[in-house]
Amino acid sequence: MSRLITRRNFLRTSAVSGSGLILAGCDQFDFLADKSGPARQIMERANVLTYSVQRAVIGEQTLAREYAASEIRQGMRPNGSVDPTTPEYLALKEANFAGYKLTIKGLVDREVSFSLAELRNMPERTQITRHDCVEGWSCIAKWTGTPLGPLLDMAGVKSTARYCVYHCFDNIQRTLSGDILYYTSSDLIDAYHPQSILSYGLNDEVLPVSNGAPIRLRIERALGYKQPKYLHTIELVDDLTPFGKGRGGYWEDTGYDWYGGI
Ligand SMILES: Nc1nc2c(c(=O)[nH]1)N[C@H]1C(S)=C(S)[C@@H](COP(=O)(O)O)O[C@H]1N2
Ligand SMILES: [Mo]
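Anyway, here's the lowdown on the structure attached to this text.

Conventions we followed
Numbering of residues begins from 1 in every chain and follows the order in which that chain's sequence is written. Both sets of labels track the order of writing: A upward for chains, 1 upward for ligands. In keeping with the predicted nature of the model, local features appear solely for residues at pLDDT of at least 70, side-chain atom pairs appear and are counted solely at 80 or more, and the whole-chain, interface and lining totals rest on all residues. Hydrogen atoms and water are omitted, and side-chain values are computed over all heavy atoms in the structure. The nearness test applies per residue and asks whether one of its heavy atoms lies within 4 Å of the molecule or strand. Any pair of nitrogen or oxygen atoms within 3.5 Å is treated as a polar contact; in protein, a donor-acceptor pairing is required on top of that, and neighbouring residues in sequence qualify only through side-chain atoms on both sides. Accessible surface is estimated by sampling points in the Shrake-Rupley manner with a 1.4 Å probe; for residues, cover comes only from the protein chains shown. Numbering of helices and strands runs from the N terminus; a helix is a DSSP stretch of H or I covering at least four residues, while a strand is a stretch of E covering at least two. Classes in brief: Ala, Val, Leu, Ile, Met, Phe, Trp, Tyr, Cys and Pro nonpolar; Asp, Glu, Lys and Arg charged; the others, Gly included, polar. For each residue, the accessible area found with a 1.4 Å probe, counting protein chains only, is set against the maximum for its type, and the residue is called buried under 20%, exposed over 50%, and partly exposed in between. The reported arc concerns the directions from the helix axis to the C-beta atoms and nothing else. Only heavy atoms matter for contacts: two residues are in contact if any of them lie within 4.5 Å across the pair. To form a nonpolar core, buried Ala, Val, Leu, Ile, Met, Phe, Trp, Tyr and Cys residues must be joined to one another through side-chain atoms within 4.5 Å.

Let's shift gears to the site of ligand 1. The full set close to ligand 1 counts 23 residues, and R77, N79, D170, R216 and K229 are the nearest of them. At 2.4 Å from an oxygen atom of ligand 1 is found a main-chain nitrogen or oxygen belonging to R77. One of the backbone N or O atoms of N79 is found 2.8 Å from an oxygen atom in ligand 1. For ligand 1, the protein covers 99% of the area, taking 530 Å² as the surface of the free molecule. Elements that contribute at least two residues to the shell around ligand 1 include exactly β3 (125-133) and β5 (163-175). Partitioned by chemical class, the residues of the shell around ligand 1 number 11 nonpolar, eight polar and four charged.

Next up, the structure:
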């Protein structure tokens, strides 16, 4: 009996987290904000199963496909926040990000911060990958940056840490009770993945503001909303519920799958 239920849930899960989600658009998901809506409830049930199922299917350190330079057909299409207006970000941008710091804190042995110059001097990795947005578009682009894993090791991740929360500068939404800042999160497997890079270069140019300057994390086996732009802090935690509405990210809080694997 329980087996049948599990299987039925699994089929429903596949339908929600598979191609159906990819065909629909970010902007078209507003109906998910309705907590009692049937679509939202199905998405929430799906979240629990997709993580274990996708992990089992994808494996731990499989590389995302990399492409040839000839397959880059156009510039990286900017989406979501493209020009943040928070005072903190405007001040940094004004100074060409000279005062920027990336901080790693939370469940670590020591909090560490890196300037842009320090990040650019660390081991560099370049990869040409395809970005898939749930709005139904994809872009192949060349990303240059430094792998996140060694930086986490410098901070010393405590054994109790389970997730990285990625905090961004941009006010993705302005409400009467204040700005909502973009954030997302991943597990440690994705954080330590060899293609997870803190990128500062895009298609052989300095990463532009519209695509997340000065630093944007790539998590190549995940959907577009799991690729935080305007990143300033990585917080190691054992629980995602204290952040936002508790589902691990700005879009995740509206009902998007937390794992968001592709
Ligand atoms: N900080 C921040 N990160 C973000 C977003 C955003 O609005 N703010 N949008 C997400 C979504 S839905 C997508 S598809 C990609 C878009 O990245 P791009 O502008 O480089 O194409 O960034 C993701 N990361
Ligand atoms: Mo997206």
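Our next topic: helix α6 (residues 148-155). Among the residues of α6, those classed as buried are L148, G149, L151, L152 and A155. Along the axis of α6, the buried residues cluster in a sector spanning 165 degrees; they form a single face. Just downstream of α6, G156 is the residue with a positive phi angle, here 75 degrees.

Right, let's talk about the environment of N211 for a bit. One can find N211 in the loop between β8 (205-206) and β9 (216-218). Sequence separation between N211 and M76 is 135 residues; the distance between their C-alpha atoms is 7.6 Å. Other than its neighbours up to four places away in sequence, N211 contacts M76, R77, P78, L202, R216, K229 and Y230. One polar contact links N211 to S210, side chain to side chain, over a distance of 3.5 Å.

Moving on to the nonpolar core. Core analysis: the biggest nonpolar cluster contains 32 residues, and Y100, I104, L119, Y166, L198 and I234 have the highest contact counts within it. For this core, the secondary-structure elements that each account for two or more residues are α4 (87-94), β1 (101-106), β2 (112-115), α5 (116-120), α6, β5, β7 (197-202) and β10 (231-237). Of the residues forming this core, the biggest block, four residues, is contributed by α6. Those residues in contact with L198, other than ones at most four positions away along the chain, are L102, L119, T144, G145, T146, L148, L151, I215, R216, L217, L231 and I234.

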